[in-house]
Amino acid sequence: MPVALALDLGGTKVEAALVTADGAVVTSSRHRRPTGAGSTSEQLAEAVTGATMAALASLAPEHELVGAGIGAAGPINVGAGAVSPLNLANWRDYPLRDLVRSVVEPVAPGIPVTLRMDGLCIALAEHWVGAARGADNAMGMIVSTGVGGGLILGGRTVPGPTGNAGHIGHVEVAGFDDPCACGGAGCREAVASGPKTVAWARREGWDGSTGEELAAAYAAGDEIARRAVARSGRAIGQAIASATALVDLDVVAIGGGFSHVTPDLFDLIREPIAEHVQFGFVTKVRVVPSALSGDGPLIGAAALIHRSELIGD
């Protein structure tokens with residue numbers, strides 16, 4: 001049974017697992033370690049190494065390890081195999097691909113180790129076994145601690161020369177001037193991520209502190225919580241409308257923890273898209289929830305190996 005090692009690196013955790021050639025995560029192989037903005041470079045390396053080794057220890061006699069796929073928060077340098085995640089300040093141009101290769105090589109010498117941005121992995125996962133199946137022009141998105149995205153156009157991924165194409169979290173949207181950690185202002189991540197939406201609500205007088213509390217307050221009819229979520233939804237929708245005008249998308253599949261703040265979020269996202277009444281090629285785009293729950297990032301990282309024919313250069 002061919003399996004790929006899948007690794008997902010984000011701002012709060014790194015997760016590793018084995019994934020079969022039909023896109024199923026081997027549940028017993030799934031392991032995670034905390035990361036976090038305050039982690040040192042050594043702690044981050046230990047987290048990646050620990051999760052990777054734990055997943056590899058789950059290899060069974062019937063498994064054939066055929067490669068390792070890594071999805072990482074951006075920006076990345078795909079040519080160098082290096083990462084500089086915005087929310088992990090102590091990793092700048094860190095050679096993540098080489099680190100993972102050093103752990104994998106003793107177990108399966110010579111297998112491919114492929115790094116791409118996590119948003120692109122999400123797009124691959126949704127196209128392969130998720131909500132974007134059958135759509136050759138699609139975007140996968142994550143709305144969580146950060147905001148990421150990736151593109152599939154003409155049935156192939158579009159990583160761009162550095163690997164950062166499709167990073168819709170840092171597309172600036174009209175009517176917003178929230179400062180962003182990337183140095184810009186009005187970026188979708190600065191407006192619509194979970195922590196930034198909570199921060200905006202607190203500035204408006206809401207007394208909660210987490211995305212979960214904001215979701216509960218929204219469900220209870222709290223006026224500030226409702227305005228905060230509506231603001232997030234509009235920013236996401238405006239960015240999707242702009243992206244669709246640029247590359248003519250058929251479907252956008254959105255996952256991530258904050259995408260579950262309320263089912264209303266998707267209606268709020270669709271509203272600004274529908275305003276482009278003279279552009280049917282924009283209003284036609286379908287915005288749908290991810291069909292993969294929390295497995296999407298790992299399935300997408302594994303798709304870098306199992307569906308390598310879709311990987312654009």
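Everything below is about the structure printed above this text.
Let me begin by describing the structure that accompanies this report. (Residues numbered from 1 in each chain as written. Predicted model: local features only at pLDDT ≥ 70, side-chain atom pairs only at ≥ 80, totals over all residues. Heavy atoms only, no water.)

### What about the overall build of the protein?
Right, so step 1: When helices and strands are counted, the protein shows 10 helices and 12 strands.
Right, so step 2: What you see for the protein is a C-alpha radius of gyration of 19 Å, in line with the 20 Å of a compact globule of 313 residues.
Right, so step 3: C-alpha extents for the protein along the principal axes are approximately 55 × 40 × 35 Å.
Right, so step 4: Put simply, the protein has 313 residues, and 56% of those count as buried.
Right, so step 5: Partitioning the intrachain contacts of the protein with sequence separation of at least 6 by distance along the chain shows that 65% fall at a separation of at least 24.
Right, so step 6: Here the protein holds 22 positive side-chain charges and 32 negative ones, and the gap between their average locations is 1 Å. (Helix = DSSP H or I, 4+ residues; strand = E, 2+ residues; numbered from the N terminus. Rg over C-alpha atoms; globule rule 2.2 N^0.38 Å. Buried < 20%, exposed > 50% of the residue type's maximum accessible area, 1.4 Å probe, protein only. Contact = heavy atoms within 4.5 Å. Lys, Arg positive; Asp, Glu negative; His and termini not counted. Charge placed at Lys NZ, Arg CZ, Asp CG, Glu CD.)

### Overview of the packing of helix H1 (residues 41-56) against helix H2 (residues 96-104)
Right, so step 1: It is at 10 Å that the axes of H1 and H2 come closest, and there the two elements cross at 35°. The handedness of the crossing between H1 and H2 is right-handed. When H1 is examined against H2, the residues Ala45, Val48, Thr49, Thr52, Met53 and Leu56 are found in contact with a partner set consisting of Leu96, Leu99, Val100, Val103 and Val104.
Right, so step 2: For the contact of H1 with H2, a count of residues per class yields nine nonpolar, two polar and no charged. (Axes fitted to C-alpha atoms, helices over the stretch in contact; angles between N-to-C directions. Left-handed = near helix turned anticlockwise from the far one by under 90°. Nonpolar A, V, L, I, M, F, W, Y, C, P; charged D, E, K, R; others polar.)

### What to know about the nonpolar core
Right, so step 1: Within the largest apolar cluster, 40 residues are counted, with the highest numbers of intra-cluster contacts made by Ile240 and Ile254.
Right, so step 2: The greatest single-element share of this core, amounting to 10 residues, is contributed by helix H7 (residues 223-247).
Right, so step 3: Membership of the second largest hydrophobic core comes to 35 residues, among which are Ala16, Ala45, Val113 and Leu115. (Core = buried A, V, L, I, M, F, W, Y, C linked by side-chain atoms within 4.5 Å.)

### Side note on the side chain of Thr114
Right, so step 1: You can see Thr114 is positioned in strand E7 (residues 113-117).
Right, so step 2: Excluding residues that lie within four positions of it along the chain, Thr114 makes contacts with Ala68, Gly69, Ile70, Leu304 and Ile305.

### Thoughts on the environment of Pro106
Right, so step 1: Mapped onto the elements of the fold, Pro106 is located in the loop between H2 and E7.
Right, so step 2: For Pro106, a relative accessible area of 65% gives the class exposed.
Right, so step 3: In this structure, the C-alpha to C-alpha distance between Pro106 and His170, residues 64 residues apart in sequence, is 38 Å.

### Description of the sheet that holds strand E2 (residues 13-20)
Right, so step 1: Strand order in the open sheet made by the five strands is E3-E2-E1-E4-E7, with mixed pairing throughout. Single-partner strands in this sheet number two, and they are strand E3 (31-34) and E7. Pairwise comparison of adjacent strand axes, ignoring direction, gives a mean angle of 20° for this sheet.
Right, so step 2: Note that E2 and E3 share four bridges and pair antiparallel. (Pairing = 2+ DSSP bridges.)

### A few points about the packing of aromatic side chains
Right, so step 1: All told, the structure shown has two aromatic pairs when counted by the stated rule.
Right, so step 2: Considering the side-chain rings of Trp91 and Tyr94, the 4.0 Å spacing of their centres and the 10° angle between planes classify their relative orientation as stacked.
Right, so step 3: Under the relative-accessibility criterion, Tyr94 is labelled buried at 17%.
Right, so step 4: A centroid spacing of 5.2 Å and a plane angle of 35° characterise the contact between Phe279 and Phe281, whose relative ring orientation is tilted.
Right, so step 5: The aromatic ring of Tyr218 is capped on one face by Arg226, whose charged end is 4.2 Å from the ring centroid. (Phe/Tyr/Trp six-rings, centres within 6.5 Å; stacked < 30°, edge-to-face > 60°. Lys NZ or Arg CZ within 6 Å of the ring centre and 35° of its normal.)

### Digging into unusual backbone geometry
Right, so step 1: Here the bond from Gly74 into Pro75 is cis, since omega is 5°, no more than 30 degrees from zero.
Right, so step 2: In this structure, Pro75 sits in the loop between strand E4 (64-72) and strand E5 (76-77).
Right, so step 3: One non-glycine residue, Asp93, lies in the positive phi region at around 55°.
Right, so step 4: By the element assignment, Asp93 lies in the loop between strand E6 (82-83) and H2.

### Details of helix H3 (residues 118-129)
Two residues of an α-helix separated by three or four positions point the same way, owing to the 3.6 residues in each turn.
Right, so step 1: In this model, H3 (12 residues) spans 16 Å end to end at C-alpha, consistent with the 16 Å of a helix rising 1.5 Å per residue.
Right, so step 2: Of all the residues in H3, the buried ones are Gly119, Leu120, Cys121, Ile122, Ala123, Leu124, Ala125, Glu126, His127 and Trp128. (Expected span 1.5 Å × (residues − 1).)

### Details of the sheet that holds strand E8 (residues 138-143)
The strands making up a sheet are joined through hydrogen bonds of the backbone, oriented either antiparallel or parallel.
Right, so step 1: On the basis of which strands lie adjacent, the open sheet formed by five strands has the order E10-E9-E8-E11-E12 and mixed pairing. Taken across any chain shown, the strands that pair with only one partner, and hence form the sheet edges, are strand E10 (156-157) and strand E12 (286-289).
Right, so step 2: Note that strand E9 (residues 147-153) and E10 share two bridges and pair antiparallel. Note on E10: the bridge partner recorded for Leu153 is Arg156.
Right, so step 3: Sheet strands touched by H3: E8, E9, E10 and strand E11 (251-255). Its angle to E9, the strand with the most contacts, is close to 55°.

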